Amino acid sequence: MLVLVAPGQGAQTPGFLTPWLDLPGAAERLAAWSDAIGLDLAHYGTQADADAIRDTAVAQPLLVAAGLLSAAALGDVTPGAVAGHSVGEITAAAFAGVLDDTAALTLVRKRGLAMAEAATITQTGMSALLGGDHDTTVAHLEKLGLTPANVNGAGQIVAAGTLEQLAALEADKPEGVRRVVALKVAGAFHTHHMGPAVDALAKAAEDLAPADPAVTYVSNRDGQAVASGADVVSRLVGQVANPVRWDLCMETFQELGATALIEVCPGGTLTGLAKRALPGVTTLALKTPDDLDAARELIAEHGAA
């Protein structure tokens, strides 16, 4: 059983879309999406520097566009399940047929703008903790006033909060944690600091007409499969201020009988987690079009076309 997943913010690198635009129809599709959302996706995906694409308002639509482009290049594929990490959930909603591509990109453009604005209210950030026991780490973060914003499994939790709280964490790591790595993000995503963005996204969602998922859609909120399109959208709205439970998503993949996992462009982060948390599951990251042939072979073996 094949699972198709989409990465979250931070996976982008300068120029990562360049080789994808050589594929037939890709440049035209990206141009149409750019016109629809008022953002030059080709420029940001091929020419912009690291600082420019770190901007939340740019990074989020860029990642969704990359995921949709690379998935389209695979051909007509029906995975057994789909999921996305954080903003990747919007990409996954398009994979599942809940939103069409333009609706997904319109929503993520509004999401990125709203989260960027919310991040300016208080100086906040995020740090990844590597190693340690889940319960011990979470209790320590809560003692410091921090939120375990991403529980990624495979010994990785991302803490989020004010810069002062993160500095305290750096000076006082939880028992068993090997490293604390500050992330290059604009704010404390998936925490109460993003409350204003939830309101903006709820208003944007009023214009959507979601369909029920055509394949199993696994939610970040609790790792559960969601059968209603309206429920998917409701979860997408609330998700910006609530933790990502990728660990529970991977547990669900295992329960569903996953045998292979493909991560769309810019792949690498989620396949890395899967290699540690899902032994026996074959993984493949779509980094460039050179990976497409291997992905199609994996699909032929594990997925439905």
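Residues numbered from 1 in each chain as written. Predicted model: local features only at pLDDT ≥ 70, side-chain atom pairs only at ≥ 80, totals over all residues. Heavy atoms only, no water.

### Considering the packing of helix α1 (residues 26-37) against helix α6 (residues 101-118)
Reasoning step 1: Direction vectors running N to C along α1 and α6 enclose 50 degrees, while the axes themselves pass 10 Å from each other. Here α1 lies oblique to α6, going by the angle between them. The chirality of how α1 crosses α6 is right-handed. Here α1 contributes Trp 33, Ala 36 and Ile 37 to the contact with α6, which in turn contributes Asp 101, Thr 102, Leu 105, Thr 106 and Arg 109. (Axes fitted to C-alpha atoms, helices over the stretch in contact; angles between N-to-C directions. Helix = DSSP H or I, 4+ residues; strand = E, 2+ residues; numbered from the N terminus. Parallel < 35°, antiparallel > 145°, perpendicular 65-115°, else oblique. Left-handed = near helix turned anticlockwise from the far one by under 90°. Contact = heavy atoms within 4.5 Å.)

### Some thoughts on the environment of Met 115
Reasoning step 1: Relative to the assigned elements, Met 115 resides in helix α6.
Reasoning step 2: The class of Met 115 is buried, set by a relative accessible area of 1%.
Reasoning step 3: Placed 23 residues apart in sequence, Met 115 and Val 138 show a C-alpha to C-alpha distance of 24 Å.
Reasoning step 4: Setting aside residues up to four positions removed in sequence, Met 115 forms contacts with Thr 56, Gln 60, Phe 189, Met 194, Ala 197 and Val 240. (Buried < 20%, exposed > 50% of the residue type's maximum accessible area, 1.4 Å probe, protein only.)

### A short note on the side chain of Arg 111
Reasoning step 1: For Arg 111, the position within the fold is in helix α6.
Reasoning step 2: As a buried residue without a salt bridge, Arg 111 has its nearest oppositely charged side chain in Glu 89, at a separation of 6.8 Å.
Reasoning step 3: With residues near it in sequence (within four places) discarded, Arg 111 still touches Gln 60, Ser 86, Val 87, Ile 90, His 190, Leu 201, Gln 239 and Val 240. (Lys, Arg positive; Asp, Glu negative; His and termini not counted. Salt bridge = Lys/Arg side-chain N within 4 Å of Asp/Glu carboxyl O.)

### Overview of helix α13 (residues 292-302)
Reasoning step 1: Every buried residue of α13 is listed here: Leu 292, Ala 295, Leu 298, Ile 299 and His 302. Seen from one end, α13 has its buried residues packed into an arc of 120 degrees, which puts them on one side. Looking at α13, the residues exposed on the side facing more than 90 degrees away from the buried face are Asp 293, Glu 297, Ala 300 and Glu 301.
Reasoning step 2: Looking at the buried side of α13, the elements it contacts are β1 (2-6), α4 (56-73), β10 (260-263) and β11 (282-285). (Arc of directions from axis to C-beta.)

### What about the sheet that holds strand β3 (residues 124-131)?
Reasoning step 1: The sheet built from five strands is open, its strands ordered β6-β3-β5-β4-β9 with mixed pairing. Two strands close off the open sheet at either side, each with one partner strand: β6 (177-182) and β9 (244-245).
Reasoning step 2: Sheet strands touched by helix α11 (residues 246-256): β4 (147-153) and β9. Its angle to β4, the strand with the most contacts, is close to 30 degrees. (Pairing = 2+ DSSP bridges.)

### What to know about the packing of aromatic side chains
What characterises a pair of aromatic rings is the spacing of the ring centres plus the angle enclosed by the ring planes.
Reasoning step 1: What the rule picks out here adds up to one aromatic pair.
Reasoning step 2: A ring pair is formed by Trp 246 and Phe 253, whose centres lie 5.8 Å apart and whose planes are at 75 degrees; its orientation type is edge-to-face. Each member of the pair, Trp 246 as well as Phe 253, is classed as buried. (Phe/Tyr/Trp six-rings, centres within 6.5 Å; stacked < 30°, edge-to-face > 60°.)

### Some points on the sheet that holds strand β2 (residues 81-84)
Reasoning step 1: If you walk across this open sheet you meet the six strands as β8-β7-β2-β1-β10-β11, and the pairing is mixed. Since the sheet does not close on itself, it has two edges, and those belong to β8 (225-226) and β11, each with one partner.
Reasoning step 2: The pairing of β2 with strand β7 (residues 216-218) spans two bridges and is classified as parallel. Across the sheet, Val 82 pairs through a bridge with Tyr 217, a residue of β7.
Reasoning step 3: The strands that α11 touches are β1, β2, β7 and β10; relative to β7, the one it contacts most, it runs at about 150 degrees.

### Topic: α1
Reasoning step 1: A rise of 1.5 Å per residue sets the reference length of α1, with its twelve residues, at 16 Å; its end C-alpha atoms lie 17 Å apart and thus fit the reference within 8%.
Reasoning step 2: Among all positions in α1, only Ala 26, Leu 30, Trp 33, Ser 34 and Ile 37 are buried. Angular distribution of buried residues about the axis of α1 spans 105 degrees; they occupy a single face of the element. For α1, exposure combined with an orientation more than 90 degrees from the buried face picks out Glu 28 and Asp 35.
Reasoning step 3: With its phi angle positive at about 70 degrees, Gly 38 sits one or two positions after the end of α1. (Expected span 1.5 Å × (residues − 1).)

### What to know about the pattern of salt bridges
Reasoning step 1: Enumeration over the complete set of coordinates arrives at five salt bridges.
Reasoning step 2: Arg 235 is paired through a salt bridge with Asp 222; the nearest N and O atoms lie 3.0 Å apart. Here Arg 235, found in helix α10 (residues 229-239), pairs with Asp 222, found in the loop between β7 and β8; they are 13 residues apart in sequence, far enough to count as distant.
Reasoning step 3: With a relative accessible area of 12%, Arg 235 lands in the buried category.
Reasoning step 4: Each member of the salt-bridge network shares a partner with another, and the members are Asp 222, Asp 231 and Arg 235.

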